[in-house]
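# Examining the three-dimensional arrangement
Chain residues, written in single-letter form:
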Amino acid sequence: MSVRLQLIEPETGGDKADAPKVKLRIAVATQDMKSMNAHFGSARRFAVWDVTPTDAQFVEAVGFDDVSDESGAHQTDVDDRIGPKVDALAGCNLLFVLAIGGPAAAKVVRAQIHPVKLSAPETIASVVARVQVMMVGNPPPWLRKVMGVRTRSMDFLDEED
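Sequence positions are assigned chain by chain, starting from 1 and proceeding in written order. Restriction of local features to residues with pLDDT of at least 70 applies here, the model being predicted, together with a cutoff of 80 or more for giving and counting side-chain atom pairs; totals for whole chains, interfaces and linings are based on all residues. Side-chain descriptors were evaluated using all non-hydrogen atoms of the structure, hydrogens and water having been removed beforehand.

As a further point, take the overall build of the chain. Only DSSP runs of H or I with at least four residues qualify as helices, and only runs of E with at least two residues qualify as strands; both kinds are numbered from the N terminus onward. Assigned secondary structure in the chain consists of four helices and eight strands. Secondary structure elements of the chain, listed N to C terminal, follow the sequence β-β-β-β-β-α-β-α-β-β-α-α. Here the term buried applies to any residue with accessible area under 20% of the maximum for its type, exposed to any over 50%, and partly exposed to those in between, with areas from a 1.4 Å probe on protein chains only. Here the chain, with 161 residues, has 35% of them falling under the buried criterion. Across the chain, every contact between residues at least 6 apart in sequence was considered, and the portion connecting residues at least 24 apart equals 58%. Each accessible area value is a Shrake-Rupley result obtained with a 1.4 Å probe; residue values ignore everything except the protein chains displayed when judging cover. For the chain, the accessible surface area stands at approximately 10,100 Å², while carbon and sulfur atoms represent 52% of it. Pairs of residues are marked as contacts when any of their non-hydrogen atoms sit within 4.5 Å.

Another aspect to go through is the confidence of the model for the chain. Of all residues in the chain, 71% attain a pLDDT of 70 or more, and the chain-wide mean is 82. The model gives residues 11-17 a pLDDT under 50, and that stretch makes zero contacts with residues more than four places away or in other chains. Known as pLDDT, the predictor's per-residue confidence is scaled from 0 to 100.

Topologically, Val48 is positioned in strand 4 (residues 45-51). Not counting the four nearest positions on each side in its chain, Val48 is found in contact with Arg25, Ile26, Ala27, Gln57, Phe58, Val59, Glu60, Val62, Leu89 and Cys92.

Let us now look at unusual backbone geometry. Of note, Met33 is a non-glycine position whose phi angle comes to about 65 degrees, a positive value. In this structure, Met33 sits in the loop between strand 2 (24-30) and strand 3 (35-36). Its identity is not glycine, yet Gln112 carries a phi of approximately 65 degrees, on the positive side. Here Gln112 shows up in the loop between helix 2 (102-110) and strand 7 (114-117).

Let's shift gears to helix 2. Three or more residues of helix 2 are buried, namely Ala104, Ala105 and Val108. For helix 2, the arc enclosing every buried residue in end-on projection is 100 degrees, short of the 170-degree limit, so these residues lie on one face. Structural note: helix 2 exposes Gly102 and Arg110 on the side pointing more than 90 degrees away from its buried face. The elements touched by buried residues of helix 2 are helix 1 (82-88), strand 6 (94-97) and strand 7. Of the residues flanking the end of helix 2, it is Gln112, one or two places downstream, whose phi is positive at about 65 degrees. The reported arc concerns the directions from the helix axis to the C-beta atoms and nothing else.

A separate point is the pairing of strand 6. Going residue by residue along strand 6, you find Leu94 and Phe96 tucked away on one face and Leu95 and Val97 tucked away on the opposite face as well. Strands qualify as paired when DSSP identifies two bridges or more between them. Sheet topology note: the strand 2/strand 6 ladder contains three bridges and is parallel. Bridge pairing in strand 6 places Ile26 opposite Leu94. Viewed with both strands pointing away, a crossover whose connecting path from the first strand over the helix to the second turns clockwise is right-handed. Regarding the hand of the β-α-β motif, the stretch spanning strand 6, helix 2 and strand 7 is right-handed.

Attention now moves to the pairing of strand 5 (residues 56-64). Here strand 4 runs beside strand 5; their pairing, made up of seven bridges, is antiparallel. Bridge assignment links Trp49 to a residue of strand 5, and that residue is Phe58. Here strand 4 folds back onto strand 5, and the loop between the two strands holds four residues.

Moving on: the nonpolar core. Take the buried Ala, Val, Leu, Ile, Met, Phe, Trp, Tyr and Cys residues and link them wherever side-chain atoms come within 4.5 Å; each set so joined is a nonpolar core. Among the nonpolar cores identified, the biggest contains 22 residues, and Phe40, Phe46, Val48, Leu89, Leu95, Ile100 and Val108 are the most heavily contacted of them. Looking at this core, the elements that each hand over two or more residues are strand 2, strand 4, strand 5, helix 1, strand 6 and helix 2. If we ignore the near neighbours within four places in the chain, the residues touching Val108 are Phe40, Val86, Leu95, Ile100, Ile113 and Pro115. Residues Val128, Met135, Leu143 and Met147 belong to the second largest nonpolar core, which totals 18 residues.

As structure tokens, this is what we get:
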């Protein structure tokens, strides 16, 4: 069973033309809502943020009571713990975790969420800042795809000196 806590912002009536064109929704696996410090299967919570190159806003926290241990063993005789997590993260573009197993990663990718494994825990604020830095300038190819940004033209290769 999952529990959702969402922030609802009042309508501002502002001009949408001023809104940034590129926005990513990221999910961060967390045990404490302060740091990215959990494996996908054992994460009790996911902090969901909307991130632009210049702004970030907390959207919601999704919590789970039934989580797996971090043994890495796949249990076939228990209830599906991965499906509900993937369903709860629908609409996210990126998922930051310490680790994710192959079957879980496949389900996440099928849901059009790009999993990103980080080697060590770090604060959610630093994960958000990392995404903002990557969004500016020349994002890596996998992020350009997630952002829906066309790849750069190779026309310069045809130019003569």
